[in-house]
Amino acid sequence: MPLILGSEEGKLNHPAGLALTKDGNLLVADKDNHRIQLFKMDGTHIMTFGCQGSEDGELNSPNHVATADDNSCLVTDTENNRIVKFDCNGKFESSFGGKGSGNGQLDRPAGIAVDPEGFIIVGDFQNHRVQIFQPDGKFYAAFGSEGDAEGEFKFPGGVALTKDGRVIVADRHNHRVQVF
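Rules used in this analysis
- Residues numbered from 1 in each chain as written.
- Predicted model: local features only at pLDDT ≥ 70, side-chain atom pairs only at ≥ 80, totals over all residues.
- Heavy atoms only, no water.
- Pairing = 2+ DSSP bridges.
- Helix = DSSP H or I, 4+ residues; strand = E, 2+ residues; numbered from the N terminus.
- Salt bridge = Lys/Arg side-chain N within 4 Å of Asp/Glu carboxyl O.
- Buried < 20%, exposed > 50% of the residue type's maximum accessible area, 1.4 Å probe, protein only.
- Axes fitted to C-alpha atoms, helices over the stretch in contact; angles between N-to-C directions.
- Core = buried A, V, L, I, M, F, W, Y, C linked by side-chain atoms within 4.5 Å.
- Contact = heavy atoms within 4.5 Å.
- Phe/Tyr/Trp six-rings, centres within 6.5 Å; stacked < 30°, edge-to-face > 60°.

Student: Pulling in residues and values, what's your account of the pairing of strand β13 (residues 156-161)?
Tutor: Pairing geometry for β13 and strand β14 (residues 167-171), over four bridges, is antiparallel. Across the sheet, the residue bridging to Ala 160 is Ile 168, located in β14. Between β13 and β14, which follow one another and run antiparallel, lie five residues, and Gly 165 among them has a positive phi close to 90°.

Shown next, in the form of structure tokens:
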């Protein structure tokens, strides 16, 4: 499934994050084209959604993507410092976050994962923490702070979940992976 550089639909410019949909198709965060693309596993382009900007449904350097059990798509809209939710047809549903360091605010969100109950786990890259949001985007909890001790982060990137509900965090500048 080789995909090549370009800005036309079906071509990519700095693909960053990947996620599989329930039906086995591949979502790609096409970072420098400021959009999300959906492909069949053989590389056939299905659709594109999002475009550069900061309004509803627009993206600025989407970095990671995840799917929820309802087959919606959640995107870390990195340069807009928010999470954007699209339905399975690429239609904008909602966004939350906003630049800052308070609870529920984000500074260059990186990795994203969704648990079976719909809670959204986000690597809050520049704030050196992980935030958890309720399925409706309301702040739920946060953990971590800047540092190199256990439970601290220096630029948490990717996040993933184990089957038993533990959170795995790629702690980029500490050169480690932590499990909570």
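Having seen the model, we can carry on.
Student: Explain the pattern of salt bridges to me, and be specific about the residues and the numbers.
Tutor: Counted according to the given criterion, the structure contains twelve salt bridges. Ionic pairing is found between Lys 99 and Asp 107, a salt bridge with its closest N-O pair at 2.9 Å. Looking at Lys 99, the relative accessible area reads 55%, which means it is exposed. Here Asp 107 falls in the buried class, since its relative accessible area comes to 15%. The partner of Arg 129 in a salt bridge is Asp 124, and the shortest N-O contact between them spans 2.7 Å. Relative accessible area serves as the criterion here: at 0%, Asp 124 is assigned to the buried category.

Student: How would you sum up the pairing of strand β5 (residues 62-67)? Please name residues and give values.
Tutor: Here four bridges tie β5 to strand β6 (residues 73-77), and the two strands are oriented antiparallel to one another. Bridging across to β6, Pro 62 finds its partner in Asp 77. Hairpin connection of β5 to β6: five residues between the antiparallel strands, including Asn 71 at a positive phi of 70°.

Student: Provide a residue-level description of the sheet that holds β14, including the pertinent values.
Tutor: Read from one edge to the other, the open sheet built from three strands follows the order β13-β14-β15, with strand pairing classed as antiparallel. Strands with a single pairing partner mark the edges of an open sheet, and in this sheet they are β13 and β15 (176-179). Geometrically, the sheet is characterised by an average inter-axis angle of 20° between neighbouring strands, direction not taken into account.

Student: Would you mind going over the nonpolar core in detail, with residue names and values included?
Tutor: Across soluble globular proteins, nonpolar side chains have a tendency to be buried as a group. Of all hydrophobic cores here, the largest spans 13 residues; its most connected members are Leu 27, Ile 36, Phe 49, Cys 73, Val 75 and Phe 86. For this core, the secondary-structure elements that each account for two or more residues are β2 (26-30), β3 (35-39), β4 (45-49), β6 and β7 (82-86). Non-local contacts of Val 75, meaning those with residues more than four positions away in its chain, are made with Ile 36, Leu 59, Pro 62, His 64, Val 65, Arg 82, Ile 83, Val 84 and Phe 86. Among the nonpolar cores identified, the runner-up in size contains eleven residues, and Leu 74, Phe 96, Ile 120 and Val 122 belong to it.

Student: Now, about the packing of aromatic side chains: what can you tell me, with residues and values included?
Tutor: What the rule picks out here adds up to nine aromatic pairs. Considering the side-chain rings of Phe 153 and Phe 180, the 5.8 Å spacing of their centres and the 65° angle between planes classify their relative orientation as edge-to-face. Highlighted residues: Phe 153 in the loop between β12 (139-143) and β13 and Phe 180 in the segment after β15, separated in sequence by 27 residues. In this structure an aromatic cluster arises from ring pairing among Phe 49, Phe 86 and Phe 92.

Student: Can you break down unusual backbone geometry residue by residue, with the values?
Tutor: Unusually for a residue other than glycine, Asn 81 sits at a positive phi of about 55°. Its place among the elements puts Asn 81 in the loop between β6 and β7. A relative accessible area of 7% means that Asn 81 is categorised as buried. The phi dihedral of Arg 108 falls on the positive side, at around 60°, and the residue is not glycine.

Student: Kindly report on the sheet that holds β3, identifying the contributing residues and their values.
Tutor: One open sheet holds the four strands; their spatial order is β1-β2-β3-β4, and the pairing between them is antiparallel. Looking at strand neighbours, the two that pair on one side only are β1 (15-20) and β4, the edges of this open sheet. This sheet shows a mean twist of 20° between the axes of neighbouring strands, independent of strand direction. Here β3 pairs with β4 via four bridges, running antiparallel. Residue pairing across strands places Ile 36 opposite Phe 49, the latter belonging to β4.

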